[in-house]
Amino acid sequence: MRYLLAAALVMAVGTTSASAARKTPYWASLNASQVMMRTGPGRNFPADWLYKRKGLPVKVVKTYAIAHSQWRRIQDPDGTEGWVQANLLSDQRMGLVVGDVRPLRDKPDAAAPVVWKAEPGVVGKIGKCTGGWCDLNVGGRAGFIEVSHLFGVTTDEKLP
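Caption draft 1: Representation of the overall build of the chain within the structure. Helix and strand counts for the chain come out as 2 helices and 14 strands. A burial count over the chain gives 36% of its 160 residues as buried. In the chain, 53% of the contacts between residues at least 6 apart in sequence involve partners at least 24 apart. Within the structure as shown, the chain displays about 9300 Å² of accessible surface, and the carbon and sulfur contribution to it stands at 55%.

Set out below in structure tokens:
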């Protein structure tokens, strides 16, 4: 009996990881081409949404771990919340262009020349963010976009 208790304790302690202990909320992105959102933290809960967009940014609002199963409660760009397996999320910072067609500029300055424009729903990798601007790279095309035009980063956030 003593060995079973010790094994259970080791199993419970073994589930603690840096990501499990991470303070919520934080940003992540989907790292699979298909991700099921469930009504609760487990495969026994019904799936109520299927995402088919790898790289979609999401906000992690809660974490849950039991035995070897890690789950994250996420919020998508539309505000829908539900549970996904933690291994289906990436720490890669991605941004989703929101609102109207948005200009991307060659410098983080509203007066800088526009290098290209992005339609709402375009997803790209977020680079450096500072002073209300982020570097956004979409398939090799990069430029600076105002933070207020992105889902995937907070207004006052600085990224290296």
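Caption draft 2: Quick peek at the pairing of strand 12 (residues 133–138). Strand direction decides the pairing type here: strand 11 (residues 123–130) and strand 12, joined by 4 bridges, are antiparallel. Paired with I126 across the two strands is L136, which belongs to strand 12. What sits between strand 11 and strand 12 in their antiparallel hairpin is a turn of 2 residues, with G131 showing a positive phi close to 60 degrees. As defined by bridge partners, strand 12 adjoins strand 13 (residues 141–146) across 6 bridges and the pair is classed as antiparallel. In the strand pairing of strand 13, V138 is matched with R141. Where strand 12 folds back on strand 13, the antiparallel hairpin that results is connected by 2 residues, among which G139 adopts a positive phi of roughly 55 degrees.

Caption draft 3: Region of interest: the side chain of R102. Among the secondary structure elements, R102 is positioned in strand 9 (residues 102–105). The side chain of R102 is buried and forms no salt bridge, while D100, the nearest opposite charge, is found at 4.8 Å. At 3.0 Å, the side chain of R102 and the backbone oxygen of V98 are in polar contact. Each residue touching R102, except ones within four places of it in the same chain, is listed here: V97, W116, K117, A118, I145 and H149.

Caption draft 4: Structural detail: unusual backbone geometry. Geometrically, the link from T24 to P25 is a cis peptide bond, its omega value of 0 degrees lying close to zero. Considering the arrangement of structural elements, one finds P25 in the loop between helix 2 (18–21) and strand 1 (26–30). Its identity is not glycine, yet A67 carries a phi of approximately 50 degrees, on the positive side. Position of A67 among the secondary structure elements: in the loop between strand 4 (57–66) and strand 5 (69–75).

Caption draft 5: Structural context of the packing of aromatic side chains. The final tally for this structure, using the stated rule, is 3 aromatic pairs. Both rings, one in Y64 and one in W83, keep their centres 6.4 Å apart while their planes meet at 75 degrees; by these two values the pair is edge-to-face. In this pair, Y64 is assigned in strand 4 and W83 in strand 6 (residues 81–85), connecting sequence segments 19 residues apart. Here the basic side chain of R22 rests over the ring of Y26, its NZ or CZ set 4.0 Å away from the ring centre.

Caption draft 6: A look at the state of the cysteines. All told, the structure shown has 1 disulfide when counted by the stated rule. Each disulfide pairs two cysteine sulfurs, and for C129 the partner residue is C134, the sulfurs being separated by 1.9 Å. As the torsion about the S-S bond is roughly 115 degrees, the C129-C134 disulfide counts as right-handed. A relative accessible area of 0% means that C134 is categorised as buried.

Caption draft 7: Examining the environment of L88 more closely. Within the secondary structure, L88 sits in the loop between strand 6 and strand 7 (89–90). You can call L88 buried: its relative accessible area is 18%. If near-sequence neighbours (up to four positions away) are discounted, L88 is found in contact with S29, L30, N31, A32 and V35.

Cut-off values and rules
- Residues numbered from 1 in each chain as written.
- Predicted model: local features only at pLDDT ≥ 70, side-chain atom pairs only at ≥ 80, totals over all residues.
- Heavy atoms only, no water.
- Helix = DSSP H or I, 4+ residues; strand = E, 2+ residues; numbered from the N terminus.
- Buried < 20%, exposed > 50% of the residue type's maximum accessible area, 1.4 Å probe, protein only.
- Contact = heavy atoms within 4.5 Å.
- Areas by Shrake-Rupley, 256 points an atom, 1.4 Å probe, with all protein chains shown as cover.
- Pairing = 2+ DSSP bridges.
- Lys, Arg positive; Asp, Glu negative; His and termini not counted.
- Salt bridge = Lys/Arg side-chain N within 4 Å of Asp/Glu carboxyl O.
- Polar contact = N/O pair within 3.5 Å; in protein donor to acceptor, adjacent residues only side chain to side chain.
- Phe/Tyr/Trp six-rings, centres within 6.5 Å; stacked < 30°, edge-to-face > 60°.
- Lys NZ or Arg CZ within 6 Å of the ring centre and 35° of its normal.
- Disulfide = S-S within 2.5 Å.

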